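So you can see what is in the structure, the chains are spelled out below.
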Amino acid sequence: MVKKKTVKKASLKKAKSSAKKHVYFFGGGKADGNGSMKNLLGGKGANLAEMAGHPSLKLPVPPGFTITTEVCTHFYESGKKYPAGLTEQVSTAMGKIEKIMGKKFGDAENPLLVSVRSGARTSMPGMMETVLNVGLTTKTIAGLIKKTGNERFVYDAYRRLMTMYSDVVMEKSAGLEPAEGKGVRHQLEKLMDGMKQAKGVTLDTELDADDLKELCVKYKAKIKEVIGKDFPDTAEEQLWGGIGAVFSSWNGKRAKSYRQIENIPHEWGTAVNVQSMVFGNMGKDSATGVAFTRNPGNGDNNFYGEYLIDAQGEDVVAGTRTPAPINKNSQNDQNRNEAMLEKVMPKVYKELHAIQNRLERHYRDMQDIEFTIENGQLFILQTRVGKRNGPAAVKMAVDMVKEKMISKKDAVMRVKPLQLDELLHPIIDPIEEKKVQPFAKGLPAGPGGASGRIVFDSDVAVKWFEKGEKVILVREETNPEDVEGMRAARAILTARGGMTSHAALVARGWGKCCIVGCGELKIDHREKTVKTKDLTLGEGDWITLNGTKGLVYKGTLPMIDATKENRYLVDFLKICDSERTMKVRTNADTPEDARKAREFGAEGIGLFRMEHMFYGEGADEPLFKLRKMILSNTEEERKNALKELYPHMKKDIKGTLKAMAGFPVTIRLLDPPLHEFVPHQEDQLRELAESLNVDMADLSRRVAKLKESNPMMGHRGVRLGVTYPEITEIEARAILEATAELVAEKHKVAPEIMIPVVGTDTEIVDQDAIIKKVYKEVCAKYGVKKLPLMVGTMIEIPRAALTAGKIAKVAEFFSFGTNDLTQMSYGFSRDDMGGFLIPYLEKKLLMEDPFQSLDQEGVGELITLGIERGRKARPKLKVGICGEHGGDPASIDFCYRAGMDYVSCSPFRVPIARLAAAQAKVSGKSK
Ligand code: PEP
Ligand code: MG
């Protein structure tokens, strides 16, 4: 008998040593893994290993082990089976935990309880499953009661285990999909509510041991009734049920949809972390909390966090109780009267404070820490890079450079380009806001302002959003099932929850306006109403949120842009500027736009569309003259009209060149199809006829002649200059005379004349000759030898990209007009794509709208080729982009890699482009 056992052990040992390592242990100051192993151990597992085992940390982490993401992959590839050796490795690791904790898993006398949690490479808050208190069974309950002397605590833990396990393992993971409100969790919660009602109490904590014990009996029966199976009563069965459920939850509906939104690859898989339980709900000397090494809402360098006495972690995140502040910096209007951890448990607070310092220094980034205090003893459950909103990200990056914690390069990579949008987001006009009273106040969980119509359901939010409605999702609290609705909403408002509740975490991650914990709101999801003492609102009613202050207003309020006063943004963009080499210009068509763009940091104008000076405020008179020019019948008529137009052109160009103070200004010659400028109103036509001295019939004939069946490929761009050289001539004259006058006035100017819609080198040769002739005339007129000027072209026709070598012989610069280049590469009409884009995206025939984010594979190839051939002919050829893609971060990265000198985008996107250009450089992917 004895001999047999020895043999078995020996062969097991052999099998173990040859089996692949699936399980990584951590605890007791040691760890098999480390922080760099995120791909294998998941973010959480790698961090736990780092925290437990790294010599400069060795934190009080409850011991445990991580089952690798490779096991998850194997699980899915082999029809939900585990690889060989896993069972043995888990059991060995469990033995180590037992040794450190001095407890035994499934033991009747001194039972060890564990948690089973997911952990993917990047955090997916609340998207996958967790089961706590695994190991509580009929057999172990008695032992734990004896050991802790706290019967109430044990039954409370048991009913929590039953709730989570039946929901996660027995229902969700088993693929059961009960109807709304019929799920087992909901049914158990109803039993809990019934019990509270029967006892006349409102809080779970007010139920005593007997109540909870009775509730556990009811729970068991209910689980059997709803699911048709007994609640498992061995520790081992619970453990493997939990592990399987976590792996299964990787492919759960909400995890999948979150991955889609966040672009997380489906094949990554999750790890499973099994860890000794420590309890924050062991009584008044126990607590649990979440803390950030800096304030994630505004970036202030203050330790910031919330905690709850006598509670488990899920209570803080679920938002069922309003958490207390850990210190003074974490106080707000809602929690001001709650006792601070710093006061209640000063020793533990001091230890926690020291640890957070160590963690931030070690990771060199803001950390989001989960901690638990069990009978006065502190445990660190988790640390990860904390999610933060845009303003906080910018401030932290700037501060950490000043504190010499990170390099400028690190700082550049710490802010996502789209996060800057939050700083450029509208806020409620403060003057208007002062005039009105908020009807409710909550916690400011996501910055900026937003107006929208109330919806109470996530599904409705999505539907209304698709119809083009602005919606605000109003809910008692949110849970991961609401993710799509939250995405669709302009803002989120919840009645419950703290700054670390689900709604707050998700909104912060997305930089969305959000208010949580607005306790005075009584929300009735069935009736679809939200009430305060003296106000009732329903679905579809308009409200406005100030997410920075947590204020809720009835109706809509005007918004303003909040960017200019942010000195951190200015400092941050300076850091970006010091790290980037590619320039950022702007597309601006008026002196006013040019000034605004300079404020945003534009280093020139990449596209001044000549025709745009005929739109908008004050453009009536020049527009009238332009129309006269377009409808002229003879060269003489046209020359006369152009003469009248000339002073308007010159004035705008001069103003813009002056506003750009020596930065280059690319002025594009008239481009649009002419019929776009023909008026449709009778009175305007009559006025034109009179001014041209023709009758209405004649004018109608002239208008009809301008009509084209395919205007996008018609008489536009360079073709206008070819057919009417006098147009090019007058434009060149306006540009050069404005330049000559500014030079004489001692201003620095750098005009660049750009010829649009060029397809052949002969076209640019033709136009260049006209410009050169005017250049000589203007030099002579102003008595100067030379004037600053470059002549170049847009590359927006595929043929131009292909024949770039010939074109560059004349053109001194290229600017890729990727709007037209995309249109003509795909053959998708810019103006009509709306009619078929959605099905293309839905069917995944296109991954993105190619007019929004550059098609790097096709259009990008033309750009690369064009640059290559152009620079071969003219090595110093200046190259930029002025299509809409110039403001899109992914496209900017491409432009940098393609070797462009600059990108040009609309003024409001200039800061984003400055950051994206710096990131492209820092990530070092230059060609
Ligand atoms: C382009 O085609 O990319 C461009 C910038 O010109 P427009 O949009 O005026 O055609
Ligand atoms: Mg174009």
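Undergrad: I'd like to hear about the coordination of the magnesium ion (ligand 2), residue by residue, with values.
TA: Taken together, the protein donors to the magnesium ion (ligand 2) comprise Glu796 (OE) and Asp820 (OD), at separations of 2.0 to 2.1 Å. Of the two residues, Glu796 is situated in the loop between strand 31 (790–795) and helix 30 (798–802) and Asp820 in helix 32 (residues 818–826); the sequence distance between them amounts to 24 residues. For Glu796, a relative accessible area of 2% puts it in the buried group. Accessibility expressed as a relative area gives 2% for Asp820, which makes it buried.

Undergrad: Would you mind going over the environment of Pro756 in detail, with residue names and values included?
TA: On the secondary structure map, Pro756 appears in the loop between strand 30 (750–755) and helix 29 (761–782). For the pair Pro756 and Leu59, spaced 697 residues apart in the sequence, the C-alpha separation amounts to 64 Å. The residues touching Pro756, leaving out its near neighbours within four places in the chain, are Arg668, Leu669, Leu670, Asp671, Gly717, Val718, Met794 and Glu796.

Undergrad: Can you lay out the pattern of salt bridges for me, pointing to particular residues and giving the numbers?
TA: Taken as a whole, this structure holds 64 salt bridges when the rule is applied. When the shortest N-O distance is used, the salt bridge between Glu151 and Lys213 registers 3.9 Å. Placement of Glu151 in helix 6 (residues 151–172) and of Lys213 in helix 8 (residues 209–227) is noted, with a sequence separation of 62 residues between them. A salt bridge links Asp593 to Lys596; the nearest nitrogen and oxygen atoms lie 3.9 Å apart. Here Lys596 and Asp593 lie together in helix 22 (residues 591–599), a separation of three residues that amounts to about one turn. You can call Lys596 partly exposed: its relative accessible area is 25%. What emerges from the salt-bridge pattern is a single network uniting Lys650, Lys654, Glu737, Glu741, Glu745 and Lys781.

Undergrad: Pulling in residues and values, what's your account of the packing of helix 22 against helix 24 (residues 635–659)?
TA: With their axes 8 Å apart at the nearest point, helix 22 and helix 24 run at an angle of 10° to one another. With respect to each other, helix 22 and helix 24 are oriented roughly parallel. Contact with helix 22, carried on its side by Pro591, Ala594, Arg595 and Arg598, involves Asp652, Gly655, Thr656 and Ala659 of helix 24 and no other residues of that element. When the residues that make up the contact of helix 22 with helix 24 are grouped by side-chain class, the tally is three nonpolar, two polar and three charged.

Undergrad: Any chance you could break down the packing of aromatic side chains for me, citing the residues and the numbers?
TA: Two measures describe an aromatic ring pair: the distance that separates the ring centres and the angle between the ring planes. By the definition in use, this model includes 13 aromatic pairs. Between Phe303 and Tyr349 the ring centres are 6.1 Å apart and the planes differ by 40°, which places this aromatic pair in the tilted class. You can see Phe303 sitting in the loop between strand 9 (287–292) and strand 10 (304–309) and its partner Tyr349 sitting in helix 13 (residues 346–363), a full 46 residues away along the chain. The pair formed by Phe303 and Tyr349 is uniform in burial state, with each residue classed as buried.

Undergrad: Explain the confidence of the model for the protein chain residue by residue, including any values.
TA: With 95% of its residues at a pLDDT of 70 or more, the protein chain has an overall mean of 90. Segment residues 1–17 is flagged for pLDDT under 50; beyond a separation of four residues in sequence, or across chains, it makes three contacts in the model.

Undergrad: How would you sum up the side chain of Ser166? Please name residues and give values.
TA: With respect to the helices and strands, the residue Ser166 is situated in helix 6. Ser166 gets classed as buried once you look at its relative accessible area, which sits at 0%. Here Met162 takes part through its backbone oxygen, which lies 2.7 Å from a polar atom of the side chain of Ser166. Beyond its immediate sequence surroundings of up to four residues, Ser166 is in contact with Leu161, Glu171, Val184, Leu188, Ile223 and Ile227.

Undergrad: Go over the sheet that holds strand 23 (residues 535–538) with me, naming the residues and quoting the values.
TA: Judged by pairing direction, the sheet is antiparallel, and its three strands sit side by side in the order 21-22-23 without closing on themselves. Two strands close off the open sheet at either side, each with one partner strand: strand 21 (522–524) and strand 23. Mean inter-strand twist for the sheet, computed between neighbouring axes without regard to direction, equals 15°.

Calculation criteria
- Residues numbered from 1 in each chain as written.
- Chains lettered and ligands numbered in written order.
- Predicted model: local features only at pLDDT ≥ 70, side-chain atom pairs only at ≥ 80, totals over all residues.
- Heavy atoms only, no water.
- Donors = N, O, S within 2.8 Å, 3.2 Å for Na, K, Ca; no water.
- Helix = DSSP H or I, 4+ residues; strand = E, 2+ residues; numbered from the N terminus.
- Buried < 20%, exposed > 50% of the residue type's maximum accessible area, 1.4 Å probe, protein only.
- Contact = heavy atoms within 4.5 Å.
- Salt bridge = Lys/Arg side-chain N within 4 Å of Asp/Glu carboxyl O.
- Axes fitted to C-alpha atoms, helices over the stretch in contact; angles between N-to-C directions.
- Parallel < 35°, antiparallel > 145°, perpendicular 65-115°, else oblique.
- Nonpolar A, V, L, I, M, F, W, Y, C, P; charged D, E, K, R; others polar.
- Phe/Tyr/Trp six-rings, centres within 6.5 Å; stacked < 30°, edge-to-face > 60°.
- pLDDT = per-residue confidence, 0-100.
- Polar contact = N/O pair within 3.5 Å; in protein donor to acceptor, adjacent residues only side chain to side chain.
- Pairing = 2+ DSSP bridges.

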